Amino acid sequence: MTTNDGHISTTHIGSLPRPPELLDLLTRRQDGESVDPDEWDETVADATRDVVERQVETGLDSINNGEQSRVSFNWYVADRLSGIEGKRETELWADLQEFPSYAEETFKTDVIDLSMHPVVTEAVEYTGREEAEAEIDEFTDALAAADRDADDAFMTAASPSVVTATHVDDHYGDYEEYLFAVAEAMKTEYELVADAGLTLQIDAPELLTVGHTAAYADQPLDAAKDATRLHVEALNEALANVPAEQVRLHTCWGSYEGPHHLDTDLAEMLPLIYDADISGLSVEQANPRHQHEYRAFAEHPVPDGWTLMPGVVDVKTNIIDHPETIADRLERVADAVDDGTPLTAAPDCGFGTQAGLGMVDPEIAWAKLEALVEGAEIA
């Protein structure tokens, strides 16, 4: 992670726009069509190399592979875990249920339908080593071609609890057993990323979105807090063999343009998230529902040795954030945290968390990242 030398470094949160030819292949794979393996490998390698080069040109300090080969930040695990078969329609989040017409037109894509969740029908085990190693190799090859080191790079992986939150359990019957089975399975992926010398980013939006899921929206806040405590415990178990200094965590209130009026307050959840065995934390701060919550970092100081990665660029609109606005967002966070807390500027979330669901035009996404770099320099 970064050190506090007066420089605000820059990064992003995983997913970046995919080229049309790759989206076509992803769509065909999702539809169960056969795809030529050589064509797939070549297209993914080209997309990975291009997205790495584009990040370098943009001036980002910490870069990744843009999740080019993944259909989404969470459902890619269906290709790497055993026991997952078929899909089932599930309830929308509680804030969206109050506005069903909006949700219906917003949450279906040509590639995936976000209301249809994969189903766990048998015991979960990690069977995706070969695919994970291929993704890592493609990325490290692209880094070498761009003359970038693994020390300046990260790779994302789904948290155990975002897997359980978005995959229907038809096998275990006991949520805690299901959660810790997934944690045990995901250990393999986490360790593969760390062993490659890359920083591991855990994607764990459910640590904050838990409050407006259908299961907890009508429950007392303490129930949501208990769920987050359990989710952090499972994550720590899965990270047992990965050094904390090699792990950063992203959490948010869901990367979708929705009402968000039932979101949990950051100040309520931060102390629970601080129990995670990590050294970097990414949290939304450009989201208009949560821009005031920089104050939570003054109320609950970031643990010693951690880097804070405030989201200072919006990922849900095609407005290019002004660099001075980005600098303002960074400066108010800097004023709230202890002087020794390093900052890394980032967007709120990824720009392509679900393939085909691009709220931001690809070229505008890159323009936003250019503004991020300029805003960090100003701050």
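Reading the values: the criteria
Residues numbered from 1 in each chain as written. Predicted model: local features only at pLDDT ≥ 70, side-chain atom pairs only at ≥ 80, totals over all residues. Heavy atoms only, no water. Pairing = 2+ DSSP bridges. Helix = DSSP H or I, 4+ residues; strand = E, 2+ residues; numbered from the N terminus. Core = buried A, V, L, I, M, F, W, Y, C linked by side-chain atoms within 4.5 Å. Buried < 20%, exposed > 50% of the residue type's maximum accessible area, 1.4 Å probe, protein only. Contact = heavy atoms within 4.5 Å. Axes fitted to C-alpha atoms, helices over the stretch in contact; angles between N-to-C directions. Parallel < 35°, antiparallel > 145°, perpendicular 65-115°, else oblique. Left-handed = near helix turned anticlockwise from the far one by under 90°. Nonpolar A, V, L, I, M, F, W, Y, C, P; charged D, E, K, R; others polar. Phe/Tyr/Trp six-rings, centres within 6.5 Å; stacked < 30°, edge-to-face > 60°. Lys NZ or Arg CZ within 6 Å of the ring centre and 35° of its normal.

Quick notes on the sheet that holds strand 5 (residues 168–169)
So, point 1. Overall, mixed pairing links the three strands, which are arranged 2-3-5 in an open sheet. Edge positions in the sheet fall to strand 2 (84–89) and strand 5, since each of these pairs with one other strand and no more.
So, point 2. Pairing of strand 3 (residues 116–120) with strand 5 involves two bridges; the strand directions are parallel. Its bridge partner being in strand 5, valine 119 is matched across the sheet by valine 168.

Thoughts on the nonpolar core
So, point 1. Leu81, Tyr190, Ile202, Leu239 and Phe297 are the most contacted members of the largest nonpolar core, which totals 94 residues.
So, point 2. With 12 residues, the single largest contributor to this core is helix 7 (residues 175–195).
So, point 3. When near neighbours in sequence (up to four residues on either side) are disregarded, isoleucine 202 contacts Ala157, Ser159, Tyr190, Leu235, Leu239, Val247, Arg248, Leu249 and His250.
So, point 4. Counting residues in hydrophobic clusters, the runner-up holds 10 residues, among them Leu25, Val35, Trp40 and Trp75.

Some details on the packing of helix 12 (residues 323–336) against helix 13 (residues 362–378)
So, point 1. At a closest axis distance of 7 Å, the pairing of helix 12 and helix 13 adopts a crossing angle of 55 degrees. Between helix 12 and helix 13, the interaxial angle falls into the category oblique. In the packing of helix 12 onto helix 13, the handedness of the crossing is right-handed. On helix 13, the residues that touch Pro323, Glu324, Ile326, Ala327, Leu330 and Glu331 of helix 12 are Ala371, Leu372, Glu374, Gly375, Ala376 and Ile378.
So, point 2. Classifying every residue of the contact of helix 12 with helix 13 gives eight nonpolar, one polar and three charged.

Some thoughts on the environment of aspartate 222
So, point 1. Take aspartate 222: it is sitting in helix 9 (residues 221–238).
So, point 2. Sequence-wise, aspartate 222 and glutamate 268 are 46 residues apart; in three dimensions their C-alpha atoms are separated by 9.8 Å.

What to know about the environment of glutamine 354
So, point 1. Secondary-structure assignment places glutamine 354 in the loop between strand 10 (344–347) and helix 13.
So, point 2. Residue class for glutamine 354 comes out buried when judged on its relative accessible area of 10%.
So, point 3. As for glutamine 354 and arginine 70, which are separated by 284 residues in sequence, their C-alpha atoms are 8.6 Å apart.

Looking at the packing of aromatic side chains
So, point 1. Considering all chains together, one arrives at three aromatic pairs under this definition.
So, point 2. Following the ring pairs from residue to residue traces out a cluster consisting of Tyr172, Tyr175 and Tyr178.
So, point 3. A cation sits over an aromatic face here: arginine 70 above tyrosine 76, 4.0 Å from the ring centre.
So, point 4. Sitting above the plane of the phenylalanine 154 ring, arginine 248 keeps its charged end 3.7 Å from the centroid.

Remarks on the environment of alanine 196
So, point 1. Checked against the element boundaries, alanine 196 lands in the loop between helix 7 and strand 6 (199–203).
So, point 2. When the C-alpha positions of alanine 196 and arginine 295 are compared, they lie 37 Å apart, and in sequence the two are 99 residues distant.
So, point 3. When sequence neighbours within four positions are dropped, the list of residues in contact with alanine 196 reads Ile136 and Ala150.

So far we have only geometry, and geometry alone does not tell us how the molecule works.
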